[in-house]
Amino acid sequence: MIERIWSGQSKLYLLLLPLSWLYGLISGLRQLAYRLGLLRAWRSPVPVIVVGNLTAGGNGKTPVVIWLVERLLLRGFRVGVVSRGYGGKADSYPVVLDETTTTQTAGDEPVLIFQRTGVPVAVSPVRAQAVQALLAQYELDVIVTDDGLQHYALQRDVELVVVDGVRRFGNGWWLPAGPMRERAGRLRRVDAVITNGGEAKAGEIPMTLAPSLAVNLVSGEKKPATELGSVVAMAGIGHPPRFFQTLKSLGVEPKAVHGFADHQPYALDALSGLTTGEQSLLMTEKDAVKCRGFAKDNWWYLPVDANFPSEDEARLLATLANVISRRRVEV
């Protein structure tokens, strides 16, 4: 129902417009307070790159963060990542992740980023505290923040916005009548717009998500998803249909699909009943980090990687490298 409302297919959004106007007013006043200096934003001693979005729901932001971290590492930069840690609840913040940190504590996306990249990761509702915690333990050249475009309490050197190229901005209204955290005009003030799927508009950087081999949660075995036999698919991400469409593009026709809420916790009893007999349960990598502790032998996940046109990738990375190097000189 919410997808129909946000996409403009349902006129029920009209009932929510007063709440959206209130959301927009509060958001606008908060931004103005930071611009006028009435609220103070903290400036990190190392450059900060924000990877965020304008809308609620999955846009492909986390694969971009992972891609960015990996490419900066290849260029010799020491990288750390900070996040709000949605879906997690720690006894105290900030939390610097290690191999024992669970998704219940830090949230699924930070754990996924930590496991994929191996770089230092910290979470806190106050992202400045997460940055400070990382810098207290590690020598870093740059901080990448997973989400946080609207977290103006932390100054940033670069803003990258990821847009769902198919859904774009729905009906264009602020939450809750529409999907917008900020209006589309905010794109004029960011450094780059990355468009995930669909058709990139002029000035935007097109991106696709390329699936890898399916990975078994228990054994680590890898094989093409088409070789898993009878498959049941599940996805607990911002937009589950994207994952199911990815499977279809690979030639995988699941016997059933199950969409769950973003950041939803899982339990063995609930998931083990999704398959019968020789069926394989195939999920996203984001789901997998929440299931490893109780996974069954027939559970698999499908990693995806962000891909860009080579010229756009080279241009963007060169710009980021210049920003990082310039801040080094200033220090």
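None of these values were measured; they are calculated from a predicted model. (Residues numbered from 1 in each chain as written. Predicted model: local features only at pLDDT ≥ 70, side-chain atom pairs only at ≥ 80, totals over all residues. Heavy atoms only, no water.)

## A word on the overall build of the protein
- The secondary structure content of the protein amounts to 10 helices and 15 strands.
- Here the C-alpha atoms of the protein give a radius of gyration of 20 Å, agreeing with the 20 Å that 2.2 N^0.38 yields for 331 residues.
- Reported as C-alpha extents along the three principal axes, the dimensions of the protein are approximately 60 × 50 × 45 Å.
- With 331 residues in all, the protein has 52% of them scored as buried.
- Residue pairs in contact within the protein that sit at least 24 positions apart in sequence constitute 74% of those at least 6 positions apart.
- Taken as a whole, the protein presents about 15,300 Å² of accessible surface, with 54% of it coming from carbon and sulfur.
- One finds the centroid of the 36 positive side-chain charges in the protein at a distance of 8 Å from the centroid of its 32 negative side-chain charges. (Helix = DSSP H or I, 4+ residues; strand = E, 2+ residues; numbered from the N terminus. Rg over C-alpha atoms; globule rule 2.2 N^0.38 Å. Buried < 20%, exposed > 50% of the residue type's maximum accessible area, 1.4 Å probe, protein only. Contact = heavy atoms within 4.5 Å. Areas by Shrake-Rupley, 256 points an atom, 1.4 Å probe, with all protein chains shown as cover. Lys, Arg positive; Asp, Glu negative; His and termini not counted. Charge placed at Lys NZ, Arg CZ, Asp CG, Glu CD.)

## Regarding the UniProt feature "transmembrane region" (unreviewed entry) in the protein
- Per the UniProt entry, the sites bearing "transmembrane region" (unreviewed entry) are residues 12–33 in this numbering.
- Measuring from the first to the last C-alpha atom of residues 12–33 gives 33 Å, for a span that is 95% helix and 0% strand. (UniProt positions renumbered as here; feature names shortened; annotations may be inferred.)

## Notes on the sheet that holds strand β4 (residues 121–123)
- Spatial strand order, β3-β4-β2-β5-β1-β6-β7-β8-β15: nine strands in an open sheet with mixed pairing. Unpaired on one side and paired on the other, β3 (95–96) and β15 (304–307) mark the two borders of the sheet.
- With four bridges joining them, strand β1 (residues 48–52) and strand β5 (residues 142–146) adopt parallel strand pairing. In the sheet register, Val51 faces β5, and the bridge partner there is Asp146.
- Across the sheet, helix α6 (residues 127–137) touches β2 (79–83), β3, β4 and β5, and the angle it forms with β2 is around 150 degrees. (Pairing = 2+ DSSP bridges. Axes fitted to C-alpha atoms, helices over the stretch in contact; angles between N-to-C directions.)

## A closer look at the UniProt feature "binding site: ATP" (unreviewed entry) in the protein
- Mapped onto this numbering, the UniProt entry gives "binding site: ATP" (unreviewed entry) at Thr55, Ala56, Gly57, Gly58, Asn59, Gly60, Lys61 and Thr62.
- By the element assignment, Thr55 lies in the loop between β1 and α3 (61–74).
- Those residues in contact with Thr55, other than ones at most four positions away along the chain, are Arg168, Phe169, Pro179, Met180 and Arg181.
- A distance of 3.0 Å separates the side chain of Thr55 from the side chain of Asn59, its partner in a polar contact.
- Relative to the helices and strands, Ala56 is located in the loop between β1 and α3.
- Apart from residues no more than four positions distant in its own chain, Ala56 is found in contact with Trp6, Leu175, Pro179 and Arg181. (Polar contact = N/O pair within 3.5 Å; in protein donor to acceptor, adjacent residues only side chain to side chain.)

## Section: a nonpolar patch on the surface
- On the surface, Leu22, Leu25, Ile26, Leu29, Leu32, Leu36 and Leu38 cluster together into a nonpolar patch covering about 720 Å² of accessible area.
- Along the chain, Leu36 turns up in the loop between α2 (13–35) and β1. (Patch = residues over 30% accessible without salt bridge, like charges linked within 9 Å, V, L, I, M, F, W, Y side chains within 5 Å. Salt bridge = Lys/Arg side-chain N within 4 Å of Asp/Glu carboxyl O.)

## Structural notes on the pairing of strand β12 (residues 256–259)
- Sheet topology places strand β11 (residues 231–235) next to β12; four bridges connect them, and they run parallel. Note that in β12 the partner of Val232 across the bridge is Ala256.
- In terms of handedness, the path from β11 via helix α7 (residues 240–250) over to β12 forms a crossover that is right-handed. (Right-handed = clockwise from strand over helix to strand, strands pointing away.)

## A few points about the nonpolar core
- In this structure, Leu68, Leu72 and Val144 are the most contacted members of the largest nonpolar core, which totals 41 residues.
- Per-element accounting of this core gives the leading share, seven residues, to α3.
- Here Val144 is in contact with Ile49, Val51, Val65, Leu68, Val69, Leu72, Val79, Gly80, Val81 and Val82, once residues within four sequence places are set aside.
- Ala122, Leu134, Met180 and Leu187 belong to the second-largest nonpolar core, a separate cluster that totals 20 residues. (Core = buried A, V, L, I, M, F, W, Y, C linked by side-chain atoms within 4.5 Å.)

## Observations concerning the pattern of salt bridges
- Following the criterion strictly, the structure yields 21 salt bridges and no others.
- With a closest N to O distance of 2.9 Å, Arg78 and Asp141 form a salt bridge. Placement of Arg78 in the loop between α3 and β2 and of Asp141 in the loop between α6 and β5 is noted, with a sequence separation of 63 residues between them.
- On the basis of relative accessibility, which here comes to 6%, the residue Asp141 falls in the buried class.

## Quick look at the packing of aromatic side chains
- The full count for this structure, using the stated rule, is six aromatic pairs.
- With a centroid separation of 6.4 Å and an interplanar angle of 40 degrees, the aromatic rings of Tyr34 and Tyr152 are classed as tilted. On the criterion of sequence distance, the pair formed by Tyr34 in helix α2 and Tyr152 in the loop between β5 and β6 (158–164) is long-range, its members being 118 residues apart.
- The class of Tyr34 is buried, set by a relative accessible area of 18%.
- For Tyr152, a relative accessible area of 16% gives the class buried.
- Their ring planes at 45 degrees and their centres at 4.4 Å tell us that Trp67 and Phe308 sit as a pair that is tilted. (Phe/Tyr/Trp six-rings, centres within 6.5 Å; stacked < 30°, edge-to-face > 60°.)

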